[in-house]
Amino acid sequence: MRPLTEEETRALFEKLAKYIGENIQLLVDRPDGSYCFRLHKDRVYYVSERILKVATSIPGDKLVALGTCFGKFTKTQKFRLHVTALDYLAPYAKYKVWVKPGAEQSFLYGNHVLKSGLGRITENTAQYQGVVVYSMADVPLVSDSAGRGVDCSSENSDELALSRVVLIQVGA
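Residues numbered from 1 in each chain as written. Predicted model: local features only at pLDDT ≥ 70, side-chain atom pairs only at ≥ 80, totals over all residues. Heavy atoms only, no water.

S.K.: Any details on the overall build of the chain? Residues and values, ideally.
M.R.: Secondary structure assignment for the chain yields five helices and twelve strands. Considering only residue pairs separated by 6 or more positions, the chain has 55% of its internal contacts joining residues 24 or more positions apart. In the form shown here, the chain has an accessible surface area of approximately 9900 Å², with 50% of it arising from carbon and sulfur atoms. (Helix = DSSP H or I, 4+ residues; strand = E, 2+ residues; numbered from the N terminus. Contact = heavy atoms within 4.5 Å. Areas by Shrake-Rupley, 256 points an atom, 1.4 Å probe, with all protein chains shown as cover.)

Given below as C-alpha cells:
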C-alpha cells in the first residue's frame, strides 16, 4: 500500500470534484480524525491515518484491503468510482436527483431515468454533470451523469416527457 502519485491524485480529485466540488477537503480533514487515500493493487482506498499506522506491520502481499475502496485505476490510468464510495460522496454531493418509486427499479436494472420518472432535481444541474441519484426515501442509489439540464417547472414539459434526465455510465 503506497501513497498516490501526483498524476493519480489529480485523476482521483478530478473525478471526485465532478460529484462533490470543493467538498473534497471535508473528506480528508474530518472531525473524527484525519483520513487519506492509498493505492493497493490499482485500487484506491480511503482510510483513517490511525488505522494506516497499525496496518504498516502487515506485509503488502498479505494485505487484501484496508479502509473503503473508492475506485480503481484502469490499465489506461483512468479512474473509475465504485459504488462503495457512494456513502461518502452522497452527503457532500452538489447535484442530486430523486427518482420516483416506479422508475427506481427500471433505473437500477440499467435503464436511463426519463423525465416522467424524475421526482426532484437540484437547481441548475448542468448537462453531463456528475449527480448522485437518490430514491424518494433519500437513500443514495448510485452516482451517474446528468444527461440533460432540465427545468422541472417548464411550460413545455410535454415535449420533454421522454427526454433522458440521468444517463447510466458504467464505471463512471
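S.K.: Can you break down the nonpolar core residue by residue, with the values?
M.R.: Counting 19 residues, the largest nonpolar core has Leu16, Phe37, Val44 and Phe70 as its most contacted members. Of all the elements in the fold, those that place two or more residues in this core are α1 (6–20), α2 (24–28), β3 (33–40), β4 (43–48), β5 (68–73) and β6 (79–81). No other element matches the five residues that α1 contributes to this core. Sequence-distant contacts of Val44, defined by excluding residues within four places in its chain, comprise Leu4, Leu12, Phe37, Arg38, Leu39, Thr68, Cys69, Phe70, Gly71, Phe73 and Phe79. (Core = buried A, V, L, I, M, F, W, Y, C linked by side-chain atoms within 4.5 Å. Buried < 20%, exposed > 50% of the residue type's maximum accessible area, 1.4 Å probe, protein only.)

S.K.: Describe unusual backbone geometry, listing the residues and the values that go with them.
M.R.: Even without a glycine there, the phi angle at Asp42 is positive, about 65°. The residue Asp42 is located in the loop between β3 and β4 in this model.

S.K.: Can you lay out the pattern of salt bridges for me, pointing to particular residues and giving the numbers?
M.R.: A complete count under the given rule lists four salt bridges for this structure. The closest approach of N and O atoms between Arg2 and Glu8, which form a salt bridge, is 2.9 Å. Judged by its relative accessible area of 36%, Arg2 falls in the partly exposed class. As a salt-bridge pair, Arg30 and Asp32 come within 2.9 Å of each other at their nearest N and O atoms. Judged by its relative accessible area of 21%, Arg30 falls in the partly exposed class. (Salt bridge = Lys/Arg side-chain N within 4 Å of Asp/Glu carboxyl O.)

S.K.: Outline the confidence of the model for the chain, listing residues and values.
M.R.: When pLDDT is averaged along the chain, the result is 82, and 83% of the positions lie at 70 or above. Here strand β12 (residues 164–167) is the element of the chain with the lowest mean pLDDT, 61, and β4 is the one with the highest, 94. (pLDDT = per-residue confidence, 0-100.)

S.K.: Would you mind going over the packing of aromatic side chains in detail, with residue names and values included?
M.R.: This model, assessed by the stated rule, comprises nine aromatic pairs. Look at Tyr46 and Phe70: their rings are 5.1 Å apart centre to centre, the planes differ by 40°, and that puts the pair in the tilted class. Placement of the pair is Tyr46 in strand β4 and Phe70 in strand β5, with a sequence separation of 24 residues. Judged by its relative accessible area of 2%, Tyr46 is buried. Here the aromatic residues Phe13, Tyr35, Phe37, Tyr46, Phe70 and Tyr88 are joined through ring pairs into a cluster of three or more. Taking the ring centre of Tyr35 as reference, the NZ or CZ of Arg30 above it sits at 4.1 Å. (Phe/Tyr/Trp six-rings, centres within 6.5 Å; stacked < 30°, edge-to-face > 60°. Lys NZ or Arg CZ within 6 Å of the ring centre and 35° of its normal.)

S.K.: Which residues make up α1, and what values go with them?
M.R.: Given a rise of 1.5 Å per residue, 15 residues ought to cover 21 Å, and the 20 Å separating the end C-alpha atoms of α1 matches this to within 8%. If you check which residues of α1 are buried, you get Glu8, Ala11, Leu12, Lys15, Leu16, Tyr19 and Ile20. One side of α1 holds all its buried residues, which, seen down the axis, span an arc of 145°. The outward face of α1, more than 90 degrees from its buried face, is lined by the exposed residues Glu6 and Glu7. (Expected span 1.5 Å × (residues − 1). Arc of directions from axis to C-beta.)

S.K.: Give a description of the pairing of strand β10 (residues 130–135) that names residues and reports values.
M.R.: Each regular strand carries side chains that alternate between the two faces of the sheet. Counting buried positions along β10 gives six out of six residues, so the element sits mostly inside the fold. Of the two faces of β10, both are covered, the one formed by Gly130, Val132 and Tyr134 as well as the one formed by Val131, Val133 and Ser135.

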